[in-house]
Amino acid sequence: MMLYIGVTGNLAGRVRQHKERVVEGYTKKYHVTKLVYFEEYQYVYDAIVREKQLKGWLRSKKDALVTSMNPKWRDLSDEWY
């Protein structure tokens, strides 16, 4: 499973775009459509700092973070639509 890390001001809308594969790039190429983890921030600057931090982590550390909050890696956006 491929992971994608990004920042958005509209999570539900962005997830929908990925699920409908209307966004060219990484998520469309690798069929990344499942939301398994997210964090919310009041300020976009803080979100960008965290995004960069997570992108610098090893895959094993990212996996551990997701598993700690979502052990079954279920799609957290399933109930949104």
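Up top you'll find the structure we're talking about.
Residues numbered from 1 in each chain as written. Predicted model: local features only at pLDDT ≥ 70, side-chain atom pairs only at ≥ 80, totals over all residues. Heavy atoms only, no water.

Draft legend 1. Examining the overall build of the protein chain more closely. Counting secondary structure elements, the protein chain contains four helices and zero strands. In summary, the protein chain has a C-alpha radius of gyration of 13 Å against a globular reference of 12 Å for 81 residues, a match within 12%. Projected onto its principal axes, the C-alpha positions of the protein chain cover 30 × 30 × 25 Å. When each of the 81 residues of the protein chain is scored for burial, the buried share is 26%. A fraction of 63% describes how many contacts in the protein chain between residues 6 or more apart in sequence connect residues 24 or more apart. When the accessible area of the protein chain is evaluated, it comes to approximately 6,000 Å², of which 54% is carbon and sulfur surface. Of the charged side chains in the protein chain, 15 are positive and 10 negative, and the gap between their average positions amounts to 6 Å. (Helix = DSSP H or I, 4+ residues; strand = E, 2+ residues; numbered from the N terminus. Rg over C-alpha atoms; globule rule 2.2 N^0.38 Å. Buried < 20%, exposed > 50% of the residue type's maximum accessible area, 1.4 Å probe, protein only. Contact = heavy atoms within 4.5 Å. Areas by Shrake-Rupley, 256 points an atom, 1.4 Å probe, with all protein chains shown as cover. Lys, Arg positive; Asp, Glu negative; His and termini not counted. Charge placed at Lys NZ, Arg CZ, Asp CG, Glu CD.)

Draft legend 2. Up close: the environment of Phe38. You can see Phe38 is positioned in the loop between helix H2 (26–29) and helix H3 (44–55). A C-alpha to C-alpha distance of 17 Å links Phe38 and Ser60, two positions 22 residues apart in sequence.

Draft legend 3. Main features of unusual backbone geometry. Of note, His31 is a non-glycine position whose phi angle comes to about 55°, a positive value. With respect to the helices, strands and loops of the structure, His31 is situated in the loop between H2 and H3. For His31, a relative accessible area of 47% gives the class partly exposed.

Draft legend 4. Molecular detail of the packing of aromatic side chains. As enumerated under the stated definition, the model contains three aromatic pairs in all. With 5.0 Å between their ring centres and 50° between their planes, Tyr26 and Tyr30 make a pair best called tilted. Judged by relative accessible area, Tyr30 falls into the partly exposed class, the value being 36%. The rings of Tyr4, Tyr26 and Tyr30 are connected pair by pair, giving a single aromatic cluster. A cation over an aromatic ring shows up here: Lys61 above the ring of Trp57, its NZ or CZ 4.4 Å from the ring centre. (Phe/Tyr/Trp six-rings, centres within 6.5 Å; stacked < 30°, edge-to-face > 60°. Lys NZ or Arg CZ within 6 Å of the ring centre and 35° of its normal.)

These figures come from the coordinates and say nothing about function on their own.
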